[in-house]
Amino acid sequence: MQNQSNAEQIEKKAKRARTWRGIGIRLLLVLLFIAMAYGANNRIEITNYTYETDALSVSFNGYRIVQLTDLHNKIFAEKNAGLMQQIRDLNPDIIVLTGDFIDASNHTNIQAALLFMQQIVDIAPTYYVYGNHEHYLPKSDLSSFEEKIQEFGVHFMNNETIQIESATGQTFSLIGLDDLSLQANILKTLADEAPDDFQILLAHEPQYLRDYYAESGVDLVFSGHTHGGQWRIPFTHQGLYGPDQGFFPKYSDGIYTEGDTTMYLSRGLGNSGFPLRLFNHPEIVCVTFQTVPSEPS
Ligand SMILES: [Fe+2]
C-alpha cells in the first residue's frame, strides 16, 4: 500500500516537472520569436551596390547615392540618431527618397515624417518623390507638409527633373515621377525633355519597370513600395507578398534589369497596415558609380 502511494507521488512529481518543462520551452520560443521580430524590424542593414558605366563623365567616379524609402512614420531608436549616423557614415553625395514617408493606413503621424526630413537634409542634398500613402492624406495636410519640408530644404521631385552636377560641372538628369502619374504618359515626356542623356528615375512602385521605366529609356531607377515582400524566405530575395503584385511578387527587393535600364528596389525602413517584418531587416541602399572609359567606336 505504502509502495503504491510512493509510486503515485513519484509519478505526480514527474508529471509536474514535464508540465513546467513544456511551459518553459514554449516561453523560451515566444521570447526568441519576439527578439527575432524586434531585430527584423529595427536592425537596419546597408546594401551596397557598384554601378559601372561608360555613360557618365569620370568626374562622377566614386559618386555615391543613398536611397531611403517607405519609412511609414517609423521613428528609430533615440529619435533616429543611429539611423542618421549610419547614413552619415556612408558619406553620400545625394540622398533620394522614394515615397511612403507618411503612413495613411492606421498610424498616421506627420510629425514623425517631418522629424526625419529635418534630420536628413543636414547630411546631403535630398530629393523626394511621393508614394501612394502621401496621396491618401487630406489635401490640406499634404500641402502643409509639402510646404514645411521645402522650407527644410528637401527638393520636391513630383514630376520634376533636376540636373545634378559633379565637382567639375558635368551633369546627369534626376527625374521624379509622382505616384499618381505612374500610369500616365508623363514619364515619357519627362525623359524626352530631360537635358542629359544619362537619366536617373525616382519612382515609388517597381512593377512598371518593363512597361514604363525601361520603355522611357532611363538608365537607373530607384524604387520601393514592396517592403521586401514583408515576410521573406531566408537567404533569398523572395518575399511573401507585395502590394499590387500579390503573393510571391516578381519584384521583392534587389537589383533588376530590363533592356538598358537597371532598377534598385529597396526593402525600405518601415511597415504599413501589417506591422511585422520577418527575415527582412529595414534597409538603406547605397549605390556608388564606377566610371569606365567608353569603348572606341
Ligand atoms: Fe510603403
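None of these values were measured; they are calculated from a predicted model. (Residues numbered from 1 in each chain as written. Predicted model: local features only at pLDDT ≥ 70, side-chain atom pairs only at ≥ 80, totals over all residues. Heavy atoms only, no water.)

A.B. asks: Mind laying out the packing of helix α3 (residues 110–120) against helix α4 (residues 139–152), listing which residues take part and the relevant values?
C.D. replies: A pair of packed helices can be characterised by two numbers: the angle between their axes and the separation between those axes. Running from N to C, α3 and α4 cross one another at 15°; their axes reach a closest spacing of 10 Å. It follows that α3 is roughly parallel to α4 by the angle criterion. When the axes of α3 and α4 are compared, the crossing they make is right-handed. Of α4, the residues touching α3 (which contributes I110, A113, L114, M117 and Q118) are D141, F145, K148, I149 and F152. In terms of residue class, the contact of α3 with α4 is built from 7 nonpolar, 1 polar and 2 charged. (Axes fitted to C-alpha atoms, helices over the stretch in contact; angles between N-to-C directions. Helix = DSSP H or I, 4+ residues; strand = E, 2+ residues; numbered from the N terminus. Parallel < 35°, antiparallel > 145°, perpendicular 65-115°, else oblique. Left-handed = near helix turned anticlockwise from the far one by under 90°. Contact = heavy atoms within 4.5 Å. Nonpolar A, V, L, I, M, F, W, Y, C, P; charged D, E, K, R; others polar.)

A.B. asks: Can you break down the sheet that holds strand β12 (residues 254–258) residue by residue, with the values?
C.D. replies: Judged by pairing direction, the sheet is mixed, and its 6 strands sit side by side in the order β6-β7-β8-β9-β13-β12 without closing on themselves. Each edge of the sheet is formed by a strand with only one pairing partner; in this case those strands are β6 (160–165) and β12. The mean angle between the axes of side-by-side strands here comes to 20°, regardless of whether they run parallel or antiparallel. One ladder, built from 5 bridges, connects strand β7 (residues 171–177) with strand β8 (residues 199–203); its direction is parallel. (Pairing = 2+ DSSP bridges.)

A.B. asks: Just give me the short version of the environment of Y38, but keep the residues and values in it.
C.D. replies: Inspection of the secondary structure assignment puts Y38 in helix α1 (residues 2–42). Here Y38 falls in the exposed class, since its relative accessible area comes to 55%. Measuring from C-alpha to C-alpha, the distance between Y38 and L278 comes to 9.3 Å, with 240 residues separating the pair along the chain. (Buried < 20%, exposed > 50% of the residue type's maximum accessible area, 1.4 Å probe, protein only.)

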